[in-house]
Amino acid sequence: MDTPIVATAQDTAPPAVERVPVTFEINGKTQSFEVEAWTTLLDLLREHCHLTGTKKGCDHGQCGACTAIVGGQRINTCLALAAVRDGASITTIEGLAQGDSLHPVQQAFIDHDAFQCGYCTPGQICSAVAMLDEGRVKSKDDIRELMSGNLCRCGAYVNIVAAILEVANRAGSGRQSQGARS
Ligand code: FES
Ligand code: FES
(Lines give C-alpha, C1' and ligand atoms only; values in the text may rest on other atoms or scores of the structure.)
(Ligands and ions follow the chains in the order given, each with its own letter.)
Protein backbone atom coordinates (compact mmCIF):
# COMPACT_ATOMS: atom_id res chain seq x y z
CA MET A 1 0.00 0.00 0.00
CA ASP A 2 1.24 3.52 -0.87
CA THR A 3 2.24 5.78 1.96
CA PRO A 4 -0.22 8.69 2.21
CA ILE A 5 1.23 12.02 1.20
CA VAL A 6 1.13 14.48 4.08
CA ALA A 7 1.50 18.16 3.33
CA THR A 8 3.92 19.94 5.60
CA ALA A 9 3.50 23.51 6.80
CA GLN A 10 6.29 24.42 4.42
CA ASP A 11 4.35 22.98 1.46
CA THR A 12 1.18 24.93 2.26
CA ALA A 13 2.78 28.28 3.14
CA PRO A 14 2.19 30.90 0.46
CA PRO A 15 5.34 31.80 -1.44
CA ALA A 16 7.16 34.82 -0.10
CA VAL A 17 6.31 37.95 -2.10
CA GLU A 18 9.35 39.74 -3.34
CA ARG A 19 9.20 43.47 -3.00
CA VAL A 20 10.87 46.02 -5.21
CA PRO A 21 12.55 49.11 -3.74
CA VAL A 22 11.44 52.32 -5.48
CA THR A 23 12.04 56.00 -4.87
CA PHE A 24 9.97 58.91 -6.14
CA GLU A 25 9.85 62.63 -5.73
CA ILE A 26 6.20 63.15 -4.91
CA ASN A 27 4.97 66.72 -4.75
CA GLY A 28 8.52 67.87 -4.14
CA LYS A 29 9.35 65.35 -1.42
CA THR A 30 11.61 62.34 -1.99
CA GLN A 31 10.07 59.15 -0.67
CA SER A 32 11.15 55.50 -0.82
CA PHE A 33 8.94 52.41 -0.70
CA GLU A 34 9.05 48.68 -1.12
CA VAL A 35 6.26 47.60 -3.43
CA GLU A 36 5.04 44.44 -5.06
CA ALA A 37 6.02 44.12 -8.70
CA TRP A 38 2.40 44.62 -9.78
CA THR A 39 1.72 47.74 -7.67
CA THR A 40 0.48 50.55 -9.87
CA LEU A 41 1.39 54.17 -9.35
CA LEU A 42 -2.27 54.78 -8.54
CA ASP A 43 -2.20 52.28 -5.68
CA LEU A 44 1.16 53.60 -4.53
CA LEU A 45 -0.23 57.13 -4.34
CA ARG A 46 -3.50 56.18 -2.68
CA GLU A 47 -2.48 53.34 -0.40
CA HIS A 48 1.18 53.93 0.40
CA CYS A 49 1.18 57.75 0.36
CA HIS A 50 -2.46 58.33 1.34
CA LEU A 51 -2.75 60.87 -1.47
CA THR A 52 -6.34 60.00 -2.19
CA GLY A 53 -7.00 63.03 -4.38
CA THR A 54 -5.95 60.85 -7.30
CA LYS A 55 -9.08 58.81 -7.95
CA LYS A 56 -9.65 55.24 -9.03
CA GLY A 57 -12.46 55.22 -11.56
CA CYS A 58 -12.31 52.41 -14.09
CA ASP A 59 -8.83 51.10 -13.15
CA HIS A 60 -8.51 50.21 -16.85
CA GLY A 61 -7.16 53.35 -18.50
CA GLN A 62 -10.51 54.50 -19.81
CA CYS A 63 -11.71 57.39 -17.64
CA GLY A 64 -8.74 59.59 -16.67
CA ALA A 65 -9.82 59.91 -13.02
CA CYS A 66 -6.36 58.67 -11.99
CA THR A 67 -4.41 61.26 -14.01
CA ALA A 68 -1.28 62.63 -12.36
CA ILE A 69 1.75 64.38 -13.80
CA VAL A 70 4.72 62.02 -13.99
CA GLY A 71 8.01 63.26 -15.35
CA GLY A 72 6.16 66.31 -16.68
CA GLN A 73 3.61 64.24 -18.61
CA ARG A 74 0.01 63.49 -17.71
CA ILE A 75 -0.56 59.78 -17.46
CA ASN A 76 -3.19 57.34 -16.29
CA THR A 77 -1.55 56.11 -13.10
CA CYS A 78 -3.75 53.01 -13.06
CA LEU A 79 -1.81 51.76 -16.09
CA ALA A 80 1.69 52.57 -14.81
CA LEU A 81 3.67 50.16 -12.67
CA ALA A 82 5.52 51.81 -9.82
CA ALA A 83 8.57 49.59 -10.38
CA VAL A 84 8.81 50.69 -14.00
CA ARG A 85 8.54 54.38 -13.13
CA ASP A 86 11.13 54.18 -10.33
CA GLY A 87 12.91 57.50 -9.89
CA ALA A 88 10.19 59.65 -11.47
CA SER A 89 9.01 62.99 -10.26
CA ILE A 90 5.26 62.95 -9.61
CA THR A 91 2.83 65.81 -9.10
CA THR A 92 -0.65 65.03 -7.86
CA ILE A 93 -3.60 67.31 -7.23
CA GLU A 94 -2.31 67.76 -3.68
CA GLY A 95 0.92 69.24 -5.02
CA LEU A 96 -0.46 71.92 -7.33
CA ALA A 97 -1.24 74.71 -4.88
CA GLN A 98 1.51 76.94 -3.54
CA GLY A 99 0.70 77.23 0.14
CA ASP A 100 -2.70 78.91 0.37
CA SER A 101 -2.67 79.93 -3.29
CA LEU A 102 -4.46 77.56 -5.59
CA HIS A 103 -3.00 76.75 -8.98
CA PRO A 104 -4.68 78.96 -11.63
CA VAL A 105 -6.41 75.91 -13.10
CA GLN A 106 -7.81 74.95 -9.69
CA GLN A 107 -9.08 78.50 -9.20
CA ALA A 108 -10.60 78.59 -12.67
CA PHE A 109 -12.50 75.35 -12.00
CA ILE A 110 -14.02 77.00 -8.93
CA ASP A 111 -14.76 80.26 -10.74
CA HIS A 112 -16.45 78.44 -13.63
CA ASP A 113 -18.27 75.90 -11.46
CA ALA A 114 -16.55 73.21 -13.49
CA PHE A 115 -17.59 70.22 -11.41
CA GLN A 116 -20.61 68.60 -9.86
CA CYS A 117 -19.78 65.45 -7.85
CA GLY A 118 -16.07 66.25 -8.16
CA TYR A 119 -14.88 62.69 -8.66
CA CYS A 120 -13.26 63.36 -12.01
CA THR A 121 -11.99 66.80 -11.01
CA PRO A 122 -8.47 66.02 -9.71
CA GLY A 123 -7.74 64.11 -12.90
CA GLN A 124 -9.27 66.84 -15.05
CA ILE A 125 -7.16 69.50 -13.34
CA CYS A 126 -3.88 67.55 -13.48
CA SER A 127 -4.54 66.75 -17.12
CA ALA A 128 -5.32 70.40 -17.90
CA VAL A 129 -2.20 71.65 -16.13
CA ALA A 130 0.07 69.32 -18.10
CA MET A 131 -1.84 69.97 -21.34
CA LEU A 132 -1.35 73.72 -20.99
CA ASP A 133 2.35 73.12 -20.41
CA GLU A 134 2.40 71.21 -23.70
CA GLY A 135 1.50 74.54 -25.39
CA ARG A 136 -0.76 73.03 -28.02
CA VAL A 137 -4.05 74.70 -27.12
CA LYS A 138 -5.27 77.11 -29.77
CA SER A 139 -9.02 76.71 -29.58
CA LYS A 140 -11.91 75.25 -27.64
CA ASP A 141 -11.82 72.31 -30.01
CA ASP A 142 -8.19 71.69 -29.07
CA ILE A 143 -9.19 71.57 -25.41
CA ARG A 144 -12.02 69.16 -26.14
CA GLU A 145 -9.72 66.93 -28.19
CA LEU A 146 -6.71 67.05 -25.88
CA MET A 147 -8.84 66.50 -22.78
CA SER A 148 -10.86 63.68 -24.34
CA GLY A 149 -9.18 61.09 -22.14
CA ASN A 150 -10.76 62.63 -19.06
CA LEU A 151 -14.40 61.66 -18.76
CA CYS A 152 -16.95 63.44 -16.59
CA ARG A 153 -20.01 61.41 -15.79
CA CYS A 154 -21.76 64.52 -14.50
CA GLY A 155 -21.36 66.12 -17.92
CA ALA A 156 -19.67 69.29 -16.69
CA TYR A 157 -17.75 69.56 -19.95
CA VAL A 158 -18.93 73.04 -20.97
CA ASN A 159 -17.72 74.56 -17.72
CA ILE A 160 -14.52 72.49 -17.71
CA VAL A 161 -13.64 73.79 -21.17
CA ALA A 162 -14.50 77.36 -20.13
CA ALA A 163 -12.23 77.10 -17.07
CA ILE A 164 -9.30 75.76 -19.05
CA LEU A 165 -9.83 78.27 -21.83
CA GLU A 166 -9.65 81.13 -19.37
CA VAL A 167 -6.28 79.95 -18.08
CA ALA A 168 -5.03 79.25 -21.59
CA ASN A 169 -5.92 82.75 -22.71
CA ARG A 170 -4.47 84.32 -19.60
CA ALA A 171 -1.24 82.37 -19.91
CA GLY A 172 -1.04 83.13 -23.58
CA SER A 173 -1.30 79.51 -24.68
CA GLY A 174 -3.90 80.60 -27.15
CA ARG A 175 -2.21 83.91 -27.79
CA GLN A 176 -2.07 83.84 -31.54
CA SER A 177 -5.58 82.65 -31.88
CA GLN A 178 -8.86 84.40 -32.04
CA GLY A 179 -10.19 80.85 -32.10
CA ALA A 180 -9.19 80.35 -28.48
CA ARG A 181 -11.87 82.87 -27.57
CA SER A 182 -14.64 81.24 -29.55
S1 FES B 1 -8.89 54.85 -13.15
FE2 FES B 1 -7.23 55.12 -14.51
S3 FES B 1 -8.14 55.64 -16.39
FE4 FES B 1 -9.84 55.18 -15.10
S1 FES C 1 -17.93 66.25 -11.80
FE2 FES C 1 -18.86 64.32 -11.43
S3 FES C 1 -17.78 62.99 -12.77
FE4 FES C 1 -17.08 64.96 -13.31
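Reading the values: rules and limits
Residues numbered from 1 in each chain as written. Chains lettered and ligands numbered in written order. Predicted model: local features only at pLDDT ≥ 70, side-chain atom pairs only at ≥ 80, totals over all residues. Heavy atoms only, no water. UniProt positions renumbered as here; feature names shortened; annotations may be inferred. Buried < 20%, exposed > 50% of the residue type's maximum accessible area, 1.4 Å probe, protein only. Helix = DSSP H or I, 4+ residues; strand = E, 2+ residues; numbered from the N terminus. Pairing = 2+ DSSP bridges. Expected span 1.5 Å × (residues − 1). Contact = heavy atoms within 4.5 Å. Salt bridge = Lys/Arg side-chain N within 4 Å of Asp/Glu carboxyl O.

- Named according to an unreviewed UniProt entry, the protein chain is Xanthine dehydrogenase YagT iron-sulfur-binding subunit originating from Paraburkholderia aspalathi.
- In the Cofactor (unreviewed entry) part of its UniProt record, the protein chain is described as follows: "[2Fe-2S] cluster".

Considering the pairing of strand 3 (residues 67-70)
- Going residue by residue along strand 3, you find Thr67 and Ile69 tucked away on one face and Ala68 and Val70 tucked away on the opposite face as well.
- When strand 3 meets strand 4 (residues 73-76), the two strands line up antiparallel, connected through four bridges. Note that in strand 4 the partner of Ile69 across the bridge is Arg74.
- Counting the residues that bridge the hairpin from strand 3 to strand 4 gives two residues, and of these Gly71 lies at a positive phi of roughly 60°.
- Bridge count for strand 3 against strand 5 (residues 89-91) is two bridges, and the pairing is antiparallel. Each residue of the ladder has a partner; that of Val70, found in strand 5, is Ile90.

Observations concerning helix 6 (residues 157-171)
- Over its 15 residues, helix 6 runs 21 Å from end to end, which matches the ideal 21 Å to within 8%, given 1.5 Å per residue.
- Listed as buried for helix 6 are Ile160, Val161, Ala163, Ile164, Leu165, Val167 and Ala168.
- Against helix 3 (104-111), helix 4 (121-134) and helix 5 (140-146) lie the buried residues of helix 6.
- Looking at the residues trailing helix 6, positive phi occurs at Gly172, about 85°.

Looking at the pattern of salt bridges
- Applying the stated criterion to the full structure yields seven salt bridges.
- Between Glu134 and Arg136 there is a salt bridge, with the nearest N and O atoms lying 2.9 Å from each other.
- The partly exposed category is assigned to Glu134, whose relative accessible area is 35%.
- Taking the relative accessible area as the measure of exposure, Arg136 reaches 45% and is therefore partly exposed.

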